[in-house]
Amino acid sequence: MTSTKLKILDIAMNLNRVGNFAADGYDIKQKRIKIFLNQTSEYIDSLSIKDLPDSFKRTYLNFLNQYKYLKKEGLSGPKNELEWAEKMMTWGNILTHRANLIK
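Model, not experiment: these values are computed from the prediction.

Rules of the game
Residues numbered from 1 in each chain as written. Predicted model: local features only at pLDDT ≥ 70, side-chain atom pairs only at ≥ 80, totals over all residues. Heavy atoms only, no water. Helix = DSSP H or I, 4+ residues; strand = E, 2+ residues; numbered from the N terminus. Rg over C-alpha atoms; globule rule 2.2 N^0.38 Å. Salt bridge = Lys/Arg side-chain N within 4 Å of Asp/Glu carboxyl O. Buried < 20%, exposed > 50% of the residue type's maximum accessible area, 1.4 Å probe, protein only. Phe/Tyr/Trp six-rings, centres within 6.5 Å; stacked < 30°, edge-to-face > 60°. Lys NZ or Arg CZ within 6 Å of the ring centre and 35° of its normal. Axes fitted to C-alpha atoms, helices over the stretch in contact; angles between N-to-C directions. Left-handed = near helix turned anticlockwise from the far one by under 90°. Contact = heavy atoms within 4.5 Å. Nonpolar A, V, L, I, M, F, W, Y, C, P; charged D, E, K, R; others polar. pLDDT = per-residue confidence, 0-100. Parallel < 35°, antiparallel > 145°, perpendicular 65-115°, else oblique.

## Brief notes about the overall build of the protein chain
Of regular secondary structure, the protein chain possesses 3 helices and 0 strands. The helix and strand sequence of the protein chain, counted from the amino end, reads α-α-α. Relative to the 2.2 N^0.38 estimate, which gives 13 Å for 103 residues, the radius of gyration of the protein chain is 13 Å and therefore close to what a compact globule would have. Principal-axis analysis of the C-alpha atoms places the extent of the protein chain at approximately 40 × 20 × 20 Å.

## Section: the pattern of salt bridges
With the rule as written, the count across this model stands at 3 salt bridges. A salt bridge links Lys 50 to Asp 51; the nearest nitrogen and oxygen atoms lie 3.8 Å apart. Glu 83 is the partner of Lys 87 in a salt bridge, and the nearest nitrogen-oxygen pair spans 3.5 Å. Taken as a pair, Lys 87 and Glu 83 lie in helix H3 (residues 81-98) at a separation of 4 residues, close to a single helical turn. Overall, Lys 87 belongs to the partly exposed group, its relative accessible area being 38%. Taking the relative accessible area as the measure of exposure, Glu 83 reaches 43% and is therefore partly exposed.

## Structural notes on the packing of aromatic side chains
Per the counting criterion, the structure on display carries 6 aromatic pairs. Ring geometry for Phe 21 versus Phe 36: centroids 5.5 Å apart, planes at 65 degrees, classification edge-to-face. Of the two residues examined, Phe 21 and Phe 36, each falls in the buried class. An aromatic cluster of at least three residues, connected via ring pairs, comprises Phe 56, Tyr 60, Phe 63, Tyr 67 and Trp 91. Its end group placed over the ring of Phe 21, Arg 32 keeps NZ or CZ at 5.3 Å from the ring centre.

## Structural notes on the packing of helix H1 (residues 3-45) against helix H2 (residues 54-76)
Two numbers describe how H1 lies on H2: the axes approach to 13 Å, and their chain directions differ by 35 degrees. For the crossing formed where H1 meets H2, the hand is left-handed. Residue-level contacts link Ile 8, Ile 11, Leu 15, Tyr 26, Lys 34, Leu 37, Asn 38, Thr 40, Ser 41 and Ile 44 of H1 to Phe 56, Tyr 60, Phe 63, Leu 64, Tyr 67, Lys 71, Gly 74, Leu 75 and Ser 76 of H2. Residue composition of the contact of H1 with H2, by class: 12 nonpolar, 5 polar and 2 charged.

## Digging into the confidence of the model for the protein chain
Here the protein chain averages 95 in pLDDT, while 99% of its residues score no lower than 70. Within the protein chain, H3 carries the highest mean pLDDT (98), whereas H2 carries the lowest (96).

## Digging into the packing of H1 against H3
Viewed as axis vectors pointing N to C, H1 and H3 meet at an angle of 165 degrees, and their least axial separation amounts to 7 Å. Regarding the angle of H1 to H3, the classification is roughly antiparallel. In the crossing of H1 with H3, the sense of the turn from one axis to the other is left-handed. A per-class count over the contact of H1 with H3 returns 18 nonpolar, 6 polar and 2 charged.

This is the structure:
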């Protein structure tokens, strides 16, 4: 498995963790959520778009566009915690599934 694919899977796993933390109670898990959001951003920053296959780029660019808003909301406190958690987990699942396009 390539390091790029592993990083995508790490991002996806973190998104699912953060979503689960928020669904269990954002206020209780707020510190952990912030740690994982920052770690996820580090993974994202370590990836180069040019290393991604064309079949995956569009999905990843859509994710990046959404993630900047999701992260901001997650750091400040989501208006609707369950809706925010669901969006995080949805992106985690999408990236997990689409990572199969990376060889």
